[in-house]
Amino acid sequence: MTAELRRSITPDLRKATQVRKSILVRGRVQGVGFRPFVYELAVTSGLGGHVQNGGPGVYIEVEGPSELIARFEEGLRRKAPPLSDISEISSRDVAVRGDTTFSIRDSLLEAPGAPEIPPDTATCDICLEELFRQEDRRFGHPFITCTSCGPRLSIAEDTPYDRIRTTMRDFPLCSSCAEEYASPQSRRFHAEPIACRSCGPELRVLDSHGVLLARPPIEAARAVLVEGGIVAVRGLGGFHLACDATNERAVSLLRARKLRDAKPFAVMVADKDEAARVGAVTDAEVHELSDRAAPIVLVPRRGETLLAPSVAPGVSTIGLLLPYTPLHHLLLRAVGRPLVMTSGNRSGEPIATTEEEAIQRLGDVVDLILSHDRPIAVPCEDGVRRVVDGVRLPVRRSRGESPAPIALPRELAVKTLAVGGQFKAVFGLGLVARAVLGPHFGDLDDLCSDQAWRRGVVSFERLFRFHPERLVHDLHPDYSSTQYALERAQEEGIALLAVQHHHAHMAACMAEHGLDGDVIGVCFDGVGYGLDGTAWGGEVLVGGYDSFRRAAHLAPMPLLGGDSAAVEPWRAAAAQLWRAGLENAAERWVRAPSAPALRALRALYDGGRSPSTTSVGRLFDATGALILGMKRLSYEGQSGCELESLADRAREDEGYPMEVVDDDRFVIDPAPLFRALVDDLARGTPREALARRVHRGIASTTIEVCARIRQRTGLSRVTLSGGVFCNSVLTKMMVDGLKWMGFEVFRHQKVPPNDGGLALGQLAIAAARGGDA
Ligand code: ZN
Ligand code: ZN
Ligand code: FE
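Cut-offs and rules
Residues numbered from 1 in each chain as written. Chains lettered and ligands numbered in written order. Predicted model: local features only at pLDDT ≥ 70, side-chain atom pairs only at ≥ 80, totals over all residues. Heavy atoms only, no water. Helix = DSSP H or I, 4+ residues; strand = E, 2+ residues; numbered from the N terminus. Rg over C-alpha atoms; globule rule 2.2 N^0.38 Å. Contact = heavy atoms within 4.5 Å. Buried < 20%, exposed > 50% of the residue type's maximum accessible area, 1.4 Å probe, protein only. Polar contact = N/O pair within 3.5 Å; in protein donor to acceptor, adjacent residues only side chain to side chain. Axes fitted to C-alpha atoms, helices over the stretch in contact; angles between N-to-C directions. Parallel < 35°, antiparallel > 145°, perpendicular 65-115°, else oblique. Nonpolar A, V, L, I, M, F, W, Y, C, P; charged D, E, K, R; others polar. Phe/Tyr/Trp six-rings, centres within 6.5 Å; stacked < 30°, edge-to-face > 60°. Lys NZ or Arg CZ within 6 Å of the ring centre and 35° of its normal. Donors = N, O, S within 2.8 Å, 3.2 Å for Na, K, Ca; no water. Tetrahedral: all angles 85-135°; square planar, octahedral: opposite > 155°, others 65-115°. Pairing = 2+ DSSP bridges. Left-handed = near helix turned anticlockwise from the far one by under 90°. Expected span 1.5 Å × (residues − 1).

1. Re the overall build of the protein
Argument step 1. For the protein, the count of helices and strands is 25 helices and 31 strands.
Argument step 2. For the protein, whose C-alpha radius of gyration is 28 Å, the value lies close to the compact-globule estimate of 28 Å for 773 residues.
Argument step 3. Principal axes of the C-alpha set define a box for the protein whose edges measure 100 × 60 × 50 Å.
Argument step 4. In the protein, the proportion of contacts linking residues at least 24 apart, taken out of those at least 6 apart, comes to 73%.

2. Looking at unusual backbone geometry
Argument step 1. Put simply, Thr-159 and Pro-160 share a cis peptide bond, and its omega is 0°.
Argument step 2. You can see Pro-160 is positioned in the loop between helix H5 (125-131) and helix H6 (175-182).
Argument step 3. Residue Ser-402 is joined to Pro-403 through a cis peptide bond whose omega torsion reads 5°.
Argument step 4. Inspection of the secondary structure puts Pro-403 in the loop between strand E16 (391-396) and strand E17 (406-407).
Argument step 5. Although it is not a glycine, Arg-465 sits at a positive phi angle of roughly 45°.
Argument step 6. Examined against the element boundaries, Arg-465 turns out to sit in the loop between helix H13 (447-463) and strand E21 (470-474).
Argument step 7. The phi dihedral of Asp-664 is positive, around 50°, even though this residue is not glycine.
Argument step 8. Locating Asp-664 in the fold gives a position in the loop between strand E28 (659-663) and strand E29 (665-669).

3. Considerations on the side chain of Arg-165
Argument step 1. Here Arg-165 lies in the loop between H5 and H6.
Argument step 2. For Arg-165, a relative accessible area of 13% puts it in the buried group.
Argument step 3. Within the structure, the side chain of Arg-165 is placed 2.8 Å from the backbone oxygen of Pro-160, a separation counted as a polar contact.

4. Considering the environment of Glu-411
Argument step 1. Residue position: Glu-411 is located in the loop between E17 and strand E18 (416-418).
Argument step 2. For the pair Glu-411 and Arg-550, spaced 139 residues apart in the sequence, the C-alpha separation amounts to 27 Å.
Argument step 3. Ignoring sequence-local partners within four residues, the contact set of Glu-411 consists of Val-432, Ala-433 and Ala-767.

5. Considering the packing of helix H15 (residues 501-512) against helix H25 (residues 758-768)
Argument step 1. At a closest axis distance of 7 Å, the pairing of H15 and H25 adopts a crossing angle of 85°. Considering the angle they form, H15 stands roughly perpendicular to H25. For the pair formed by H15 and H25, the contact residues are His-501, His-503, Ala-504, His-505, Ala-507, Ala-508, Ala-511 and Glu-512 on the first element and Leu-758, Leu-760, Gly-761, Gln-762, Ala-764 and Ile-765 on the second.
Argument step 2. Partitioning the contact of H15 with H25 into residue classes produces eight nonpolar, five polar and one charged.

6. Some remarks on the packing of aromatic side chains
Argument step 1. The tally for this structure, following the rule as stated, stands at eleven aromatic pairs.
Argument step 2. Between Tyr-39 and Phe-102 the ring centres are 6.2 Å apart and the planes differ by 65°, which places this aromatic pair in the edge-to-face class. Linking Tyr-39 in helix H3 (residues 34-44) with Phe-102 in strand E5 (residues 102-104), this pair joins segments that are 63 residues apart in sequence.
Argument step 3. Centre to centre, the rings of Trp-453 and Tyr-484 are 5.1 Å apart; their planes meet at 85°, and the pair counts as edge-to-face. Residue Trp-453 is found in helix H13, and its partner Tyr-484 is found in helix H14 (residues 480-492); the two are separated by 31 residues along the sequence. There is no split in this pair, since Trp-453 and Tyr-484 are both buried.
Argument step 4. Within the aromatic cluster, the residues linked to one another by ring pairs are Phe-427, Phe-441, Trp-453, Phe-460, Phe-464 and Tyr-484.
Argument step 5. Lying across the ring of Phe-743, Arg-710 places its NZ or CZ 3.9 Å from the centre.

7. Digging into the coordination of the zinc ion (ligand 1)
Argument step 1. At the metal site, the zinc ion (ligand 1) is ligated by Cys-124 (SG), Cys-127 (SG), Cys-146 (SG) and Cys-149 (SG), and these contacts range over 2.3 Å.
Argument step 2. Given four donor atoms and angles of 105 to 116° at the metal, the environment of the zinc ion (ligand 1) is assigned as tetrahedral.
Argument step 3. Read N to C, the donor residues that coordinate the zinc ion (ligand 1) are spaced as C-x2-C-x18-C-x2-C. You can see Cys-127 sitting in helix H5 and its partner Cys-146 sitting in the loop between H5 and H6, a full 19 residues away along the chain. Side by side, Cys-127 and Cys-146 carry an identical accessibility label, which is buried.

8. Structural notes on the sheet that holds strand E3 (residues 57-65)
Argument step 1. Ordered by their spatial adjacency, five strands build an open sheet running E4-E1-E3-E2-E5, and the pairing between neighbours is mixed. Because the sheet does not close on itself, it has two edges, and the strands there are strand E4 (85-94) and E5. Pairs of neighbouring strands in the sheet enclose a mean axial angle of 15°, with direction left out of account.
Argument step 2. Here seven bridges tie strand E2 (residues 48-54) to E3, and the two strands are oriented antiparallel to one another. Within E3, the position partnered with Gly-54 by the bridge is Gly-57.
Argument step 3. Along the sheet, helix H4 (residues 66-78) contacts strand E1 (18-28), E3 and E4; its crossing angle with E3, the most-contacted strand, is approximately 150°.

9. Focus on the packing of helix H20 (residues 616-628) against helix H23 (residues 687-713)
Argument step 1. The geometry of H20 relative to H23 is characterised by a closest axis approach of 10 Å and an angle of 165° between their N-to-C directions. With respect to H23, the axis of H20 lies roughly antiparallel. H23 is crossed by H20, and the crossing has right-handed handedness. Between H20, through Leu-619, Phe-620, Thr-623, Ile-627 and Leu-628, and H23, the contact on the second element is made entirely by Arg-687, Leu-690, Ala-691, Val-694, His-695 and Ile-698.
Argument step 2. Of the residues assigned to the contact of H20 with H23, the class counts are eight nonpolar, two polar and one charged.

10. What to know about H20
Argument step 1. With 13 residues, H20 ought to run about 18 Å at 1.5 Å a step, and its terminal C-alpha atoms sit 17 Å apart, in line with that.
Argument step 2. Counting buried residues in H20 gives 13 out of 13 residues, a clear majority hidden from the surface.
Argument step 3. You can read the cap of H20 off the contacts: a side-chain oxygen lies 3.0 Å from the backbone nitrogen of Gly-617, and it is on Ser-615.
Argument step 4. The positive-phi residue at the C-terminal boundary of H20 is Gly-629, with phi of around 70°.

11. Comments concerning the coordination of the zinc ion (ligand 2)
Argument step 1. Coordination of the zinc ion (ligand 2) by the protein is provided by Cys-174 (SG), Cys-177 (SG), Cys-196 (SG) and Cys-199 (SG), with metal-donor distances spanning 2.2 to 2.4 Å.
Argument step 2. One can describe the donor arrangement at the zinc ion (ligand 2) as tetrahedral, given that its four donor atoms subtend angles of 100 to 120° at the metal.
Argument step 3. Donor residues binding the zinc ion (ligand 2) come from one chain and are separated in sequence as C-x2-C-x18-C-x2-C. Within this pair, whereas Cys-174 is found in the loop between H5 and H6, its partner Cys-196 is found in the loop between H6 and strand E6 (203-207), the two being separated by 22 residues in sequence.
Argument step 4. Under the relative-accessibility criterion, Cys-174 is labelled buried at 16%.
Argument step 5. For Cys-196, a relative accessible area of 2% translates into the label buried.

As structure tokens, this is what we get:
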């Protein structure tokens, strides 16, 4: 309404039609510029009243002519700011008070309920433009943000989300910033983390012992990087280790110092053009790279690349990401070449977030520490995605996505905390119909990771005003997360629910797609605790959230040598060849460290007392050891990754046979695959073809099994879950083949198929069980 129109309404008429409404907007509405937006909308509508943050969301009171209020309410939904996500608007009439002006009030602290905190968001285009415009007062300021970009979760200490409850509280706004904060015309109106050179956090550089250096920080970091040194860089959710990705000596040095022999490093490139020079990126991949979450995207590497070979040895993909903080932009521009940006930790440890940790744990890895004085409240590792067949496949859901909620297919009767698994640990808070998943916390085998994970649970419970009434955990009794759940349930007297690992995988995939009823759940992974106490991992389940049965699985193979079986794939290869009766082939093709070692393994095999597993991950290990000659794995899933890269280069369509034995449930016997593989090895068939035939064999046999299950059950919906489905070649073969057979196929697009997705499945199953455990 224009001012003129407003004046033309007589005071009497105004009074006659005045109404006042109290409105509560729920969803992701704090820290996204929602109050300024409401202010703007109310003022331009000529309404009085106020807006404030409260526990469950944003409270609004508006007063004015009823039809203008109706229009205002409609505008709330239609014009909401880009980072917001409204889940519900409720309003009721209250007594008219005669307000004619509109204001933003301080947050309500006592209001109950669960707020939503937005994920951290990559620097927006407008801020970026200001960052590099010399006349701008924030030219070159490494902490530039606005209402639609910048840190959120990583600086949040408590809610309601206001500056005083973030790690920005120690940086009082200067008068210029305060003016922008208070001005409805500004892009920074009520943007909590804003700052400038005179009031904001400051960059600094320390040497590897933590001694503060009096040098311009970006310039100092640039100098070390171009000389081939290693710099720890404090990012949004933790420290990264950076080095020149085009300098082989620098990258090898980082590998040697970080004790990481082969796991690929991610590379930060300045922009989309540089991404296209390094990787063969498709439009869909560029789209993922430019996402507000700015994840690492695994893309095919260009044949002739400027990158150093040891950035990603043995695989044909490369993990790229774009700069997502102003500091990254400044650094990339100063250095002028792509930088390795890998999590600031040693293998297995959690990401370092404080300067003390960086000095203590990274001091002997780095030459310089590029830091600043804005603390990190919640550690967040980078997320990882890939694109398969033009569609997103999440590999790790973390910074930029957590804690955005995911809808649950059914409502939870009680507040439920899902503790996830042991590896790629992610916990999840279940609030009615929403799952709020935490970021990635690594493997809980590591004591530091376990502690970081526990601190993460505490932070999330505080931020979301959440106290669980039930805990849901994996069936594995030795998982740290299971033990945490058992202890806490006892201490606090709350209910427990144990969920079988692969059931949770299947349910996670179903939940993402809002499926109900029964499905055929293909669950292939490294390992999960089975109902019978053995290590499952090649399962085809039939069921839904409420229950499941094991309709098919891979034939069990002995795990020779306990824990070392998982890191020494030659053991799995020998076991499979012996199982298939290929004595001589084992002598010839298994790359055991020595002849006595192989004989000792044979004795274990003959003893018949080793535990067994149906894991598809171990099947990939066995084939990988034969095809690639691997003796020792340097990271989990390495065989699968390297085989996938080989298979991707072959273009034939033959697959190795596997036998399907119909024995009350279907058992998939890989013996024929190994016989054919050994024949091919003897013939000197190229490795690419061998790798492809392994993939095709597993895919075709699984599809056949699904078809036989469909015959018996009438089910035609298939979910693909478990860490093996991070493999794009196998995923694509399965999706295409199943669709061709008339199945409806569902694969992960919101949470990873690996154990990072377990918590979502656990919550979906808990919801189906109602209030009881
Ligand atoms: Zn911005
Ligand atoms: Zn300022
Ligand atoms: Fe798993």
